[in-house]
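Examining the three-dimensional arrangement
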Amino acid sequence: MRKTVYVGVLISSLGLLISIAACQAPLPAPPAEAPDPVQPHYAPTATIKELMLSIVDPSADVVWLSVTTVQSSAGTVDTAPKNDEEWQKVRQGAVALTEAANLLMMPGRHVARPGEKSETPGVELEPSEMEELINKDPASWQMRAMNLHDAGVAVLQAIDARDSQKVFEIGEQIEVACESCHRQYWYPNEQIPEIPASPTSTQ
Ligand code: HEC
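Just so it is clear, the model here is predicted, and its values are computed rather than measured. (Residues numbered from 1 in each chain as written. Predicted model: local features only at pLDDT ≥ 70, side-chain atom pairs only at ≥ 80, totals over all residues. Heavy atoms only, no water.)

**Structural notes on the packing of helix α2 (residues 48-64) against helix α6 (residues 164-186)**
Packing of α2 against α6 brings their axes to within 9 Å, and their N-to-C directions diverge by 155°. Comparing their axes, α6 and α2 come out roughly antiparallel. Touching Met 52, Val 63 and Trp 64 of α2 are Val 167, Gly 171, Ile 174, Glu 175, Cys 178 and His 182, all from α6. Class assignment of the residues belonging to the contact of α2 with α6 gives a composition of 6 nonpolar, 2 polar and 1 charged. (Axes fitted to C-alpha atoms, helices over the stretch in contact; angles between N-to-C directions. Helix = DSSP H or I, 4+ residues; strand = E, 2+ residues; numbered from the N terminus. Parallel < 35°, antiparallel > 145°, perpendicular 65-115°, else oblique. Contact = heavy atoms within 4.5 Å. Nonpolar A, V, L, I, M, F, W, Y, C, P; charged D, E, K, R; others polar.)

**Details of unusual backbone geometry**
Located in the positive-phi region is Arg 162, a residue other than glycine, with phi close to 55°. Relative to the helices and strands, Arg 162 is located in the loop between α5 (138-160) and α6. You can call Arg 162 partly exposed: its relative accessible area is 39%. (Buried < 20%, exposed > 50% of the residue type's maximum accessible area, 1.4 Å probe, protein only.)

**Quick word on the site of the ligand**
The local shell around the ligand holds 20 residues, among which Met 52, Asp 57, Cys 178, Cys 181 and His 182 are the closest. Interatomic distance of 2.8 Å between a side-chain N/O atom of His 182 and a nitrogen atom of the ligand. Taking a 2 Å distance to the grid points as the criterion, the majority of the atoms of the ligand fall inside the largest pocket. Looking at the shell around the ligand, the elements with two or more residues in it are α2, α5 and α6. It is α2 that provides the largest number of residues to the shell around the ligand, a total of 7 residues. The residue inventory of the shell around the ligand, partitioned by class, reads 16 nonpolar, 1 polar and 3 charged. (Near = heavy atom within 4 Å. Polar contact = N/O pair within 3.5 Å; in protein donor to acceptor, adjacent residues only side chain to side chain. 1 Å grid on protein atoms, 1.4 Å probe; cavity = no way out; pocket = protein on both sides within 12 Å on 5 of 7 lines; lining within 4 Å. Sits in = over half its atoms within 2 Å of the grid points.)

**Quick word on the coordination of the iron atom of the ligand**
Each protein donor to the iron atom of the ligand is listed here as Met 52 (SD) and His 182 (NE2); together their distances run 2.0 to 2.3 Å. Each of the 6 donor atoms bound to the iron atom of the ligand contributes to angles spanning 85 to 178°, and the resulting shape is octahedral. A residue pair is termed long-range when its members are at least 10 positions apart, and Met 52 in helix α2 and His 182 in helix α6 qualify at 130 residues. Here Met 52 falls in the partly exposed class, since its relative accessible area comes to 23%. (Donors = N, O, S within 2.8 Å, 3.2 Å for Na, K, Ca; no water. Tetrahedral: all angles 85-135°; square planar, octahedral: opposite > 155°, others 65-115°.)

**Re the nonpolar core**
Grouped together as the largest cluster of nonpolar side chains are 34 residues, with contacts concentrated most on Leu 104, Trp 141, Leu 148, Val 155, Ile 159, Val 167 and Ile 174. Listing elements by their share of this core, those giving two or more residues are α2, α3 (84-105), α4 (127-136), α5 and α6. Every residue in contact with Leu 148, bar those within four places of it in the chain, is listed here: Val 56, Leu 97, Ala 101, Leu 104, Ile 174 and Ala 177. (Core = buried A, V, L, I, M, F, W, Y, C linked by side-chain atoms within 4.5 Å.)

**Side note on the layout of surface pockets**
Put simply, the largest pocket is a space of about 680 Å³. Breaking the lining of the largest pocket down by element, the ones donating at least two residues are α2, α4, α5 and α6. Per-class residue counts for the lining of the largest pocket are 21 nonpolar, 2 polar and 9 charged. Taken as a whole, the second largest pocket encloses approximately 200 Å³ of empty space. Mapped onto the lining of the second largest pocket, the elements with two or more residues apiece are α3, α4 and α5. Grouping the amino acids of the lining of the second largest pocket by side-chain chemistry returns 8 nonpolar, 4 polar and 2 charged. (Points joined across faces, edges and corners; volume = space filled by probe spheres on them.)

Here it is as structure tokens:
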């Protein structure tokens, strides 16, 4: 009786072994050039410089210029979106700015066109140097682009709440996101003069 059971177990283990072996048979290698159907296929066409000039900068301006306070001898003039149409325009800028951050995160995008050179060598890095910095630590680049994205999301919420004061305040957060990336990759060698301490703030 015991013997039969043993044989039975042996046979079924053998079956299991065979089926495991079948499962582990190597899959045929995909043809080298075949595109992976699961991965999205990006075609990053514009350079980072072009994204800055065509989308990031103009869209940030739409947000920044929507709420302003101008002081002059004639007094203070506050501007803020006044109606749905004006709010809609600011929102369009904020959407473009937020999504531009994703465009910056796309792999495989060049900083500038081949042969393009820095306009102020020594202060600005050359595009090839910036690209090297980005590729050396992609997570750090992504994090800076994500900060811009998050500032965009915050400003969208303020726009949807029709809160112009908040839009103004988050404008600052957007600027910090721009600058912290520029200081890291674009002009890391720039010397920022220390603000001289005023005589009353020595403590
Ligand atoms: C994740 C990084 C990153 C963020 C965030 C970022 N930038 Fe840039 N930006 C760059 C880099 C890198 C360059 C240099 C590219 C070049 O000019 O070759 C640049 C260049 C620029 C330029 C100059 C383009 C030229 O060469 O004429 C402008 C203008 C600009 N950025 C505006 C902005 C503004 C406004 C924001 C925020 C709303 C912003 N950027 C956010 C990385 C960033």
